[in-house]
Amino acid sequence: MIKNTALHLLTGKLITTSLLPGSLFMVSGVLIWSIWQKQKHLQNDTAELRSEVKKIKEQMDKLDASIETNQKQKAPDSSLLQEDHSIKESDEKKMGLFEYLINDNVKLRQQAYGNSD
Amino acid sequence: MATSKIFHIGIDLGTSQSSIVTSTGSRVSTKTCVGYPKDVISQKRLNKEHLLGEEALKNRLALDLVWPLAEGVICSDKKSKEATQLVLQDLITSTLPKLGDTDKVYAAIGVPALASVQDKKTIIDITKDFIDKIIIVSEPFAVAYGIDRFDECLIVDIGAGTTDLCRMYGSIPTEDDQRTLTEAGNFLDNEIMNAIWEKFPDVQLTPQIIQWIKEKYGYVSDNSDPAIVTLTKEGKPDSYDITGILHESCLKLSNAISKAVQSLVSDFDPDFQEILRNNIIVAGGGSRLMGIDKAIEKSLDNYGGGKAICVQDVEFCGANGCLKMCQEMPESYWDKI
């Protein structure tokens, strides 16, 4: 029994002392490799993202330019003020149209039925 | 307790084709016709009291077809009124299937520019059971509203029963700003049919064949591919070249429209005639006629030239305008009717 235990301990120690540095080296190697791989992926992703951001920026610039051109075409002077004004004006125009339209339809009912229905 | 919802709808009730667009995003277009079974056998085969639209056309041999609108307005007989009611009801139920008992339907419906009070009253009467509030608008005005054109422009809406023209200049058009012509799609169909029969007597023609020919080959431009169609004579099919007669028939329509355009331009405020000439918008089924925009432009050469464009969404542009009007109309205005 004592002999067996001693043998086990001896074998275990022998294995640990001879294999531990090798396995440690291997594990750390794998770890470094995987970190390096992840970093490589990260770098690729970052580069891809950068190029996407660059493209979006370019598109945004183009869009801004076209909006600016459109605004200039719509309203040559003080574009913002002019545009606000035109929206208001079109709303007022619409309200006027609605009022006429409704009155016309009320009148139609009066003509057709002889009362306001 | 169920909450009541308001559904807005825009309807273009046309002589040949009717369209609906709803605030739920549905849209449907159908032939404005109703078919009633001719006899007991057809009633048993079809198993329905009536068929509508395309389904009625497909089964037309077993049906008495009713086209309830003539020249853009509902015919005065009882059958036509009932048929129009069925068409409108079907359009609404097919686009608003989840309509609850407490829900409300607010509608704008387009009619020819110069429809009479009686014509408009008929529409109100036949829709009162299924539309809660209805406003009636001139069809070309609805087209203009749909494409946001309130400023100087001239709308030419070529329908089947009538061609409606309307000058827009930022306010409601008066009677003087509008023209309604009977030279429209059905007029062209008759012209084509008579011209073919004159040149090729005894050739077998039906309104459906003529409509197909018109839609496939109709043109008013100076050049076109030859229009060679297969028609039957005493049951025997043969090829017939109708290029020339088709062109002449189509020109009869475009010339009448051009004349009305010239008239609306020439009696407009001279300071704004040029803007009007350069902002002509062609809508309706007739805008599909090849070269119609160019023909109108050409007719204005002596007036200093012009620019005409055809609308994109031909089938629904009138209904779209009606829906837009419904949705943008403040509730307080609806309360007045």
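Residues numbered from 1 in each chain as written. Chains lettered and ligands numbered in written order. Predicted model: local features only at pLDDT ≥ 70, side-chain atom pairs only at ≥ 80, totals over all residues.

### Some remarks on the packing of helix α5 (residues 139–146) of chain B against helix α11 (residues 317–328) of chain B
Residue and element names in this part refer to chain B. Spelled out, the test is: A fitted line through C-alpha atoms serves as each axis, taken over the contacting stretch for helices, and the angle formed by two N-to-C directions is quoted from 0 to 180°. Numbering of helices and strands runs from the N terminus, with a helix taken as a DSSP run of H or I at least four residues long and a strand as a DSSP run of E at least two residues long. Any angle that is under 35 degrees is reported as roughly parallel, and any over 145 degrees as roughly antiparallel; angles of 65 to 115 degrees are reported as roughly perpendicular and all others as oblique. Working definition of a contact: two residues with C-beta atoms, positioned from the backbone, lying within 7 Å. Note that Gly is not counted as nonpolar here; it falls among the polar residues with everything else outside the nonpolar set of Ala, Val, Leu, Ile, Met, Phe, Trp, Tyr, Cys and Pro and the charged set of Asp, Glu, Lys and Arg.
Running from N to C, α5 and α11 point in directions that differ by 75°, and their axes come no closer than 7 Å. As the angle between them shows, α5 and α11 are arranged roughly perpendicular. Contact with α5, carried on its side by Glu139, Ala142, Val143, Tyr145 and Gly146, involves Cys317, Gly318, Asn320, Gly321, Cys322, Lys324 and Met325 of α11 and no other residues of that element. Partitioning the contact of α5 with α11 into residue classes produces 6 nonpolar, 4 polar and 2 charged.

### A few points about the interface of chain B and chain A
At the interface, 15 residues of chain B touch 13 residues of chain A. At the level of elements, α4 (117–127) and β10 (133–138) of chain B are the ones that each hand at least two residues to the side of chain B that touches chain A. Broken down by class, the residue content of the side of chain B that touches chain A amounts to 10 nonpolar, 1 polar and 4 charged.

### Here we look at the environment of Val105(B)
Residue and element names in this part refer to chain B. This is how the line gets drawn: Labels follow a simple rule on C-beta atoms placed from the backbone: if 20 or more others lie within 10 Å of a residue's own, it is buried; if 12 or fewer, it is exposed; otherwise it is partly exposed.
Following the sequence through the fold, Val105 ends up in strand β9 (residues 104–111). For Val105, a count of 21 C-beta atoms within 10 Å puts it in the buried group. For the pair Val105 and Phe130, spaced 25 residues apart in sequence, the C-alpha separation works out to 7.6 Å. In contact with Val105, not counting residues within four places along its chain, are Phe7, Ile9, Ile92, Phe130, Ile131 and Asp132.

### Concerning the nonpolar core
Residues and elements named next belong to chain B. The cut-off we apply is this: Any nonpolar core is a set of buried residues, restricted to Ala, Val, Leu, Ile, Met, Phe, Trp, Tyr and Cys, that join up through C-beta atoms within 7 Å. Residue ranges labeled as domains rest on an automatic or database domain assignment.
Counting 90 residues, the largest nonpolar core has Ile11, Ala107, Ile109, Ile155, Val156, Val261 and Cys322 as the members making the most contacts within it. The dominant element in this core, judged by the number of residues it contributes, is helix α8 (residues 243–266), at 8 residues. Of the residues that make up this core, three or more belong to each of domain 1 (6–32 + 67–144 + 316–334) and domain 2 (149–310).

### Some remarks on the sheet that holds β10(B)
Residues and elements named next belong to chain B. Keep this limit in mind: A strand pair is defined by DSSP finding two or more bridges across the two strands.
Spatially, β3-β2-β1-β9-β10 is the arrangement adopted by the 5 strands of the open sheet, whose pairing is mixed. The open sheet has two edge strands, β3 (27–31) and β10, and neither has a second partner. When the angles between neighbouring strand axes are averaged without regard to direction, this sheet yields 20°. Alignment of strand β1 (residues 6–12) against β9, held across 7 bridges, turns out to be parallel.

### Examining the sheet that holds strand β14 (residues 203–204) of chain B
All names here are of chain B. The sheet built from 3 strands is open, its strands ordered β14-β15-β16 with antiparallel pairing. A single partner strand is all that each edge strand has here, and the edge strands are β14 and β16 (236–241). Pairing between β14 and strand β15 (residues 228–233): 2 bridges, direction antiparallel. The residue of β15 that forms the bridge with Val203 is Lys233.

### Here's the deal with the domain arrangement of chain B
All names here are of chain B. Parsing chain B into structural domains produces domain 1 (6–32 + 67–144 + 316–334) and domain 2 (149–310). For domain 1 and domain 2, the distance between their C-alpha centroids amounts to 25 Å. The interface is formed by 18 residues belonging to domain 1 together with 21 residues belonging to domain 2. Going through the elements one at a time, β7 (69–70) and α5 are the ones with two or more residues in the side of domain 1 that touches domain 2. Classifying every residue of the side of domain 1 that touches domain 2 gives 10 nonpolar, 6 polar and 2 charged.

### Focus: the confidence of the model for chain B
Applied cut-off: On a range of 0 to 100, pLDDT expresses the predictor's confidence in each residue.
Model confidence for chain B is summarised by a mean pLDDT of 92, while 99% of its residues fall at 70 or above. For this predicted complex, the interface confidence comes out at an ipTM of 0.77, alongside a pTM of 0.73.

### Considering unusual backbone geometry
The bulk of non-glycine residues show a negative phi, and the bulk of peptide bonds are trans. All names here are of chain B. Even without being glycine, Asp148 reaches a positive phi, approximately 60°. Within the secondary structure, Asp148 sits in the loop between α5 and β11 (153–158). Taking the number of C-beta atoms within 10 Å as the measure of exposure, Asp148 has 11 and is therefore exposed. In this model, Glu234 sits at a positive phi of 50°, which is unusual for a non-glycine residue. If you trace the backbone, Glu234 turns up in the loop between β15 and β16.

### Topic: α8(B)
Inclusion rule: Expected span of a helix, by definition, is 1.5 Å for each gap between consecutive residues, and there is one gap fewer than residues.
In a regular helix each residue adds 1.5 Å, so 24 residues correspond to 34 Å; α8(B) covers 34 Å between its end C-alpha atoms and thus fits that length. Residues Leu246(B), His247(B), Ser249(B), Cys250(B), Leu253(B), Ser254(B), Ile257(B), Ser258(B), Ala260(B), Val261(B), Leu264(B) and Val265(B) constitute the buried set of α8(B).

### Points about the packing of α8(B) against helix α10 (residues 292–299) of chain B
Residue and element names in this part refer to chain B. The test is simple: Crossings are sorted by hand: turned counterclockwise from the far helix by less than a right angle, the near helix makes the crossing left-handed, and turned clockwise it makes it right-handed.
Where α8 meets α10, the axes come as close as 9 Å, and the angle between the chain directions of the two elements is 50°. Compared by their axis directions, α8 and α10 come out oblique. Of the two possible hands of crossing, α8 and α10 adopt the one that is right-handed. Taking contact as the criterion, the partners of Ser254, Ile257, Ser258, Val261 and Gln262 in α8 are, on α10, Ile292, Ala295, Ile296 and Ser299. Here the contact of α8 with α10 is built from residues that sort into 5 nonpolar, 4 polar and no charged.

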